[in-house]
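Examining the three-dimensional arrangement
Chain residues, written in single-letter form:
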Amino acid sequence: MPQTDHRAVHRKTKIISNRYVDRFWQMIGKQLQHPTGVAGSIVGWLMAIINDEPNRVAIAALELVERDTVLELGFGPGRGLAALSCRVLQGQVYGVDQSALMLAQASRRNRSAIESGQMNLLKGTFCPLPWKVAAFDKILLVNVVYFFGPAGHEMSEIHRVLRPGGRLVVYVTDSSTMKKWPFASPDTHLVFDQRDLRTLLERGGFDAPEVTIHTLHLPFGIRGLLAIAEKSFKPA
Ligand SMILES: C[S@@+](CC[C@H](N)C(=O)[O-])C[C@H]1O[C@@H](n2cnc3c(N)ncnc32)[C@H](O)[C@@H]1O
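Computed from a predicted model, the values in this text were never measured in an experiment.

Structural notes on the overall build of the protein chain
Secondary structure assignment for the protein chain yields 9 helices and 7 strands. Taken over the C-alpha atoms alone, the protein chain extends approximately 75 × 40 × 30 Å along its principal axes. Evaluated residue by residue, the protein chain yields a buried proportion of 38% over its 236 residues. Counting contacts in the protein chain only where the partners sit at least 6 residues apart, residues at least 24 apart contribute 70% of the total.

As for the UniProt feature "domain: Methyltransferase type" (unreviewed entry) in the protein chain
The UniProt record marks residues 71-170 with the feature "domain: Methyltransferase type" (unreviewed entry), using the residue numbering of this structure. Within the segment residues 71-170, helix and strand shares are 33% and 30% respectively, and the terminal C-alpha atoms sit 12 Å apart.

Description of the sheet that holds strand S7 (residues 222-230)
Across the sheet, which stays open at both edges, the 7 strands sit in the order S3-S2-S1-S4-S5-S7-S6 with mixed pairing between neighbours. The outermost strands of the open sheet, each flanked by one partner alone, are strand S3 (119-123) and strand S6 (211-218). With direction set aside, neighbouring strand axes in the sheet form an average angle of 15°. Along the sheet, helix H5 (residues 100-109) contacts strand S2 (92-97) and S3; its crossing angle with S3, the most-contacted strand, is approximately 165°.

A closer look at the packing of helix H2 (residues 37-50) against H5
Relative to each other, H2 and H5 sit at 45°, their axes nearing to 10 Å. With respect to H5, the axis of H2 lies oblique. Crossing of H2 over H5 shows right-handed handedness. For the pair H2 and H5, the contacting residues are Gly40, Ser41 and Gly44 in the first and Leu101, Met102 and Gln105 in the second. A breakdown of the residues in the contact of H2 with H5 according to their chemical character gives 2 nonpolar, 4 polar and no charged.

Structural notes on the nonpolar core
Grouped together as the largest cluster of nonpolar side chains are 51 residues, with contacts concentrated most on Val70, Ile139, Leu140 and Val170. No other element matches strand S5 (residues 162-173), which puts 6 residues into this core.

Structural notes on the packing of helix H3 (residues 52-62) against helix H4 (residues 79-87)
With their axes 10 Å apart at the nearest point, H3 and H4 run at an angle of 30° to one another. Regarding the angle of H3 to H4, the classification is roughly parallel. H3 and H4 meet at a crossing whose hand is right-handed. Together, Asp52, Asn55 and Ile59 of H3 and Arg79, Gly80, Ala83 and Leu84 of H4 make up the contact between the two elements.

Notes on the environment of leucine 141
Position of leucine 141 among the secondary structure elements: in strand S4 (residues 136-142). Look at leucine 141 and you get buried, because 23 C-beta atoms sit within 10 Å. Placed 56 residues apart in sequence, leucine 141 and serine 85 show a C-alpha to C-alpha distance of 16 Å. Residues contacting leucine 141, with those up to four places away along its chain left out, are Leu73, Gly74 and Val170.

Details of the pairing of S7
As paired elements, S5 and S7 share 7 bridges and run antiparallel to each other. Looking at S7, one finds that arginine 167 is bridged to glutamate 230. Two strands pair when backbone bridges link them, and S6 and S7 are joined in this way by 8 bridges, in the antiparallel orientation. Within the sheet, the bridge partner assigned to histidine 214 lies in S7 and is leucine 226. Here S6 folds back onto S7, and the loop between the two strands holds 3 residues, one of which, phenylalanine 220, carries a positive phi near 65°.

A short note on unusual backbone geometry
Backbone torsion omega between cysteine 127 and proline 128 reads 5°, so that peptide bond is classified as cis. Along the polypeptide, proline 128 turns up in the loop between S3 and S4. Positive phi outside glycine occurs at asparagine 143, with the angle close to 60°. Within the secondary structure layout, asparagine 143 lies in the loop between S4 and helix H7 (153-161). A positive phi angle, close to 65°, is found at phenylalanine 220, a residue other than glycine. Mapped onto the secondary structure, phenylalanine 220 falls in the loop between S6 and S7. Phenylalanine 220 gets classed as exposed once you count the C-beta atoms within 10 Å, which come to 6.

Analysis parameters
Residues numbered from 1 in each chain as written. Predicted model: local features only at pLDDT ≥ 70, side-chain atom pairs only at ≥ 80, totals over all residues. Helix = DSSP H or I, 4+ residues; strand = E, 2+ residues; numbered from the N terminus. Buried ≥ 20, exposed ≤ 12 C-beta atoms within 10 Å, placed from the backbone. Contact = placed C-beta atoms within 7 Å. UniProt positions renumbered as here; feature names shortened; annotations may be inferred. Pairing = 2+ DSSP bridges. Axes fitted to C-alpha atoms, helices over the stretch in contact; angles between N-to-C directions. Parallel < 35°, antiparallel > 145°, perpendicular 65-115°, else oblique. Left-handed = near helix turned anticlockwise from the far one by under 90°. Nonpolar A, V, L, I, M, F, W, Y, C, P; charged D, E, K, R; others polar. Core = buried A, V, L, I, M, F, W, Y, C linked by C-beta atoms within 7 Å.

Set out below in structure tokens:
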């Protein structure tokens, strides 16, 4: 083959293989947003391992007491739920996730808590939430705010269902890390730095002095953000 033809074939092969790689990462991004099918099952099992540390830190920050009623939004494979249910032995754990597959995985993982009536899981979306005003003492969000709508109405719903004096804990991976991850495309993921996360919380109704955001340095050079927000007692 002449040299120029060889180069052209090589270039074309590279373009085609890049396209497949892009599609692969796009598929992973979509699966993280809404796990389905066999790929979703695998993503679910991986999330249970990879998200262990952010869940551990975020759950500790909730400062749960035994009688708390706690809600997790976007529970995924349900490992966070299992940790919550061990800490609120006299309380209740609620969860909502849009993925039927994640509901099934999380329900298997938490069968005894569900059967005893301590845990209630729903398939549904973040907005609107099907609970009354001030229904929860604590609310947990780990790796889910990327999937909020651009207007962030979900945060107002969270603020509505949290009781005055209640605590919200949010973990997100910082935009500086997210921008390096090929699955986190703008088609599926919003990204947040400290300021964006604060804005989301304040627009949702949390008062600035009641919001604290910490930077976390996690394994593999991952930079995370942990927001702790208390709902104030004064009327909105
Ligand atoms: C990246 S996973 C995180 C799962 C879990 N919190 C963890 O730390 O392993 C995001 C989860 O949020 C759910 N989710 C995303 N957008 C949602 C929405 N608008 N309403 C309800 N669930 C949603 C997905 O189905 C998925 O299970």
